[in-house]
Amino acid sequence: MNTLPLKTQTLIIRCLVEGMSIRATARTSGTSKNTVAKLLVDAGKACGEYQNRVLRDLPCKRVQVDEVWSFVYAKQKNLPNTQAAPEVAGDVWTWTAICADTKLVPSWRVGVRSGDTATDFMIDLRDRLANCVQLTSDGHKPYLVAVEDAFGADIDYAMLVKLYGSDGGTSPEKRYSPAECTGARMLQIEGNPDPAHISTSYAERNNLTMRMSMRRFTRLTNAFSKKIENHIDSVSLHFLYYNFCRQHKSLGGITPAMAAGVTERFGDIEDIVRLVNEARPKPGPRGPYKKIVSN
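Everything quoted here is computed from the prediction, not taken from an experiment.

Conventions adopted
- Per chain, residues are indexed from 1 in the order of the written sequence.
- Local features in this predicted model are restricted to residues of pLDDT 70 or higher, and side-chain atom pairs are both shown and tallied only at a pLDDT of 80 or more, whereas totals for entire chains, interfaces and linings draw on every residue.
- Think of the side-chain values as coming from all heavy atoms in the structure, minus any hydrogens and water.
- Should a side-chain nitrogen of Lys or Arg be within 4 Å of a carboxyl oxygen of Asp or Glu, the pair is scored as a salt bridge.
- Counting from the N terminus, the helices are DSSP H or I runs at least four residues long and the strands are E runs at least two residues long.
- When accessible area is computed with a 1.4 Å probe and restricted to protein chains, residues below 20% of their type maximum are described as buried, those above 50% as exposed, and intermediate ones as partly exposed.
- The axes are straight lines fitted to the C-alpha atoms, using for helices just the contacting stretch, and the angles between their N-to-C directions are given from 0 to 180°.
- With respect to orientation, any angle under 35 degrees is reported as roughly parallel, any angle over 145 as roughly antiparallel, any angle of 65 to 115 as roughly perpendicular, and every other angle as oblique.
- Crossings are sorted by hand: turned counterclockwise from the far helix by less than a right angle, the near helix makes the crossing left-handed, and turned clockwise it makes it right-handed.
- By definition, residues are in contact when any of their heavy atoms lie within 4.5 Å.
- In this count, Pro and Cys sit with the nonpolar residues alongside Ala, Val, Leu, Ile, Met, Phe, Trp and Tyr, while Asp, Glu, Lys and Arg are called charged and the others, Gly among them, polar.
- Pairing of aromatic rings covers Phe, Tyr and Trp, the last through its six-membered ring, and needs centres within 6.5 Å; plane angles under 30 degrees mean stacked, over 60 mean edge-to-face, and all others mean tilted.
- A helix is expected to span 1.5 Å for every residue after the first.

J.: Please give an account of the pattern of salt bridges that cites residues and values.
T.: Evaluated as defined, the whole model comprises 11 salt bridges. For the salt bridge of Asp124 with Arg128, the shortest nitrogen-to-oxygen distance reads 3.0 Å. Residue Asp124 and its partner Arg128 are located together in helix α4 (residues 115-128), separated by four residues, close to a single helical turn. Take Asp124: its relative accessible area is 11%, and that puts it in the buried class. What you see here is one network of salt bridges that share partners, running through Lys38, Asp42 and Arg280.

Quick look at the structure:
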């Protein structure tokens, strides 16, 4: 089995987590795009399994959640005109939770913007928390049932419903701009949330970080995922780098995982490469050579 040199693997992973496309990464590393894609798949699976294991009993106190849009293979409106689309194609949403104090992203889900995905997302978040938390979401209605199903009354939950003007997107210069936000309403849903901490600012900033750090999330370009599996793997790799390797000035130069007490040391790209290689199946012993004689 051929294995890439560690230096090349490190370069490929570094390019991917810094927002480069697969083709650009292949050109930079001097490898083929299939090699880059395969390493992305291996890294995504290893990173997902590692975070699923270690992100437990987290001391978060204030959590914000949001959803960010992207698409697989084609946008939902264009699917009827496509050929050979995979089973899962069209618009997909990545649901994320972020701790307002440590900036850790403890949980995420890739799926549709439905009640079932919201419930799965909230149950996963609940299972990773050690304490009762204050939770803030936007006004997306599936959160109401999902939070109730996952937490019951054991949470301080509020919605921040933003109000927008009506002049977005008609003239050419505003075609790709959202309508102007004219205000917001705070809705206390469960428990006793502190009004001073009812906010989704960190969650929305995290959406920007995702779009800047994963090429397939960049809007108004030809960058997108062709398969949902690669999309999920890209998200898993991004959040391992974000949680364990990326230093935050707002945290005094440490990583979110260090701030949350998950680890005591800085992670780096070489750690990710080692994690990937350790997760790969080890080759078994070769059998005796047998000469094949054809008649």
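J.: Can you explain the packing of helix α1 (residues 6-17) against helix α9 (residues 269-279)? Please cite residues and give values.
T.: When two helices pack together, their arrangement is captured by the angle between the axes and the distance separating the axes. At a closest axis distance of 9 Å, the pairing of α1 and α9 adopts a crossing angle of 115°. When the interaxial angle is binned, α1 and α9 end up roughly perpendicular. Here the hand of the crossing between α1 and α9 comes out right-handed. Here Leu6, Gln9, Thr10, Ile13, Arg14 and Val17 of α1 come into contact with α9, specifically with Ile269, Glu270, Ile272, Val273 and Asn277. When the residues that make up the contact of α1 with α9 are grouped by side-chain class, the tally is six nonpolar, three polar and two charged.

J.: Before we move on, can you summarise the packing of aromatic side chains with the specific residues and values?
T.: Here the distance between the centres and the angle between the planes together describe a pair of aromatic rings. This model, assessed by the stated rule, comprises seven aromatic pairs. Centre to centre, the rings of Tyr50 and Phe244 are 5.6 Å apart; their planes meet at 65°, and the pair counts as edge-to-face. Linking Tyr50 in helix α3 (residues 33-54) with Phe244 in helix α7 (residues 228-244), this pair joins segments that are 194 residues apart in sequence. The class of Tyr50 is partly exposed, set by a relative accessible area of 25%. Three or more aromatic residues joined by ring pairs form one cluster here, namely Trp69, Phe71 and Phe224.

J.: I'd like a description of α4, backed by residues and values.
T.: For α4, with 14 residues, the first-to-last C-alpha span of 20 Å sits near the 20 Å given by 1.5 Å per residue. Within α4 the residues assigned to the buried category are Thr117, Ala118, Thr119, Phe121, Met122, Asp124, Leu125 and Arg128. Elements in contact with the buried residues of α4: α3, β1 (62-72), β2 (90-99), β3 (107-111), β4 (134-137) and α5 (142-151).

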